[in-house]
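A closer look at the structure
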Amino acid sequence: MSRFDFTPYRRSTVGFDRLFDLLENQARLNAGDNYPPFNISRRGEDNYRITLAVAGFRAGDIDITAQQNLLVVQGRKREETEDGAELIHVGIANRGFERRFELADFVRVERADLADGLLIIDLVREVPDAMKPRKIAIGGTATLAAVPTTTGEGDAQDTASAA
């Protein structure tokens, strides 16, 4: 198992503890089971898609729960066979699973679809207007004026004419 040491970064940063803890926890949790396989794609500046391969699961077998900064996808195993037949060989995985995805701030689930054995979850990042960068207009007009010197009459005229 590969372990990341963030100690040098922790010493030189302030307020990133949650990020480092998240990275360390994900490395530890993802070292085990890799079922079901999934893809994460970026579909625009603020749009993402998670695609999970969930062959053999129906929409009623899958629960999707979105909490603040966390998306949990759970699949429940079905015990019954479709037509009452006895299974001689089981090659299609139909085991229960739980996948957790840490979401960034302001990311929400837009929709979820199940088709052709793929669960597709679309996510969108919506930053509130108060949090978006904005231009600040500089108010007032600042004028520079020369200050006359008291060393001589010619110097004061030169300074005044420069203004």
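What comes next is a walk through the structure. (Residues numbered from 1 in each chain as written. Predicted model: local features only at pLDDT ≥ 70, side-chain atom pairs only at ≥ 80, totals over all residues. Heavy atoms only, no water.)

1. Description of the sheet that holds strand β5 (residues 97-102)
Either a parallel or an antiparallel arrangement is found when strands of a sheet pair, and the pairing is made through backbone hydrogen bonds. The strand order β3-β4-β5 describes an open sheet built from three strands, whose pairing is antiparallel. Each of the sheet's edge strands pairs with one partner strand only, and the pair in question is β3 (62-67) and β5. Each neighbouring strand pair of the sheet contributes to a mean axis angle of 10°, computed without reference to strand direction. Across six bridges, β3 lies against strand β4 (residues 70-75) in antiparallel orientation. The partner of Ala66 across the bridge, within β4, is Leu71. (Pairing = 2+ DSSP bridges. Helix = DSSP H or I, 4+ residues; strand = E, 2+ residues; numbered from the N terminus. Axes fitted to C-alpha atoms, helices over the stretch in contact; angles between N-to-C directions.)

2. Comments concerning the packing of aromatic side chains
As enumerated under the stated definition, the model contains three aromatic pairs in all. Measuring from centroid to centroid gives 6.1 Å for Tyr35 and Phe97, while their planes differ by 85°, and the two rings are edge-to-face. With Tyr35 in the loop between α2 (17-29) and β1 (38-42) and Phe97 in strand β5, this residue pair connects regions lying 62 residues apart in the sequence. Judged by relative accessible area, Tyr35 falls into the buried class, the value being 12%. Take Phe97: its relative accessible area is 7%, and that puts it in the buried class. What links up through ring pairs into an aromatic cluster is the set Tyr35, Phe57 and Phe97. Sitting above the plane of the Tyr35 ring, Arg95 keeps its charged end 4.2 Å from the centroid. (Phe/Tyr/Trp six-rings, centres within 6.5 Å; stacked < 30°, edge-to-face > 60°. Buried < 20%, exposed > 50% of the residue type's maximum accessible area, 1.4 Å probe, protein only. Lys NZ or Arg CZ within 6 Å of the ring centre and 35° of its normal.)

3. Describing a nonpolar patch on the surface
Taken together, Phe16, Leu19 and Leu23 make up a surface patch of nonpolar side chains, about 260 Å² in accessible area. Turning to its location among the elements, Leu23 is positioned in helix α2. On the accessibility criterion, Leu23 (38% relative accessible area) is partly exposed. (Patch = residues over 30% accessible without salt bridge, like charges linked within 9 Å, V, L, I, M, F, W, Y side chains within 5 Å. Areas by Shrake-Rupley, 256 points an atom, 1.4 Å probe, with all protein chains shown as cover. Salt bridge = Lys/Arg side-chain N within 4 Å of Asp/Glu carboxyl O.)

4. Description of the nonpolar core
Across soluble globular proteins, nonpolar side chains show a tendency to be buried alongside one another. Core analysis: the largest hydrophobic core is formed by 15 residues, its most contacted members being Ile50, Val54, Leu71, Val73, Leu119, Ile121 and Leu123. Listing elements by their share of this core, those giving two or more residues are β2 (47-53), β4, β5 and β7 (118-125). When residues in this core are grouped by element, the largest group, three residues, is from β7. Among all residues touching Ile121, those that are not within four sequence positions of it are Tyr48, Arg49, Ile50, Leu52, Ile64, Leu71, Val73, Val109, Arg111 and Ala112. (Core = buried A, V, L, I, M, F, W, Y, C linked by side-chain atoms within 4.5 Å. Contact = heavy atoms within 4.5 Å.)

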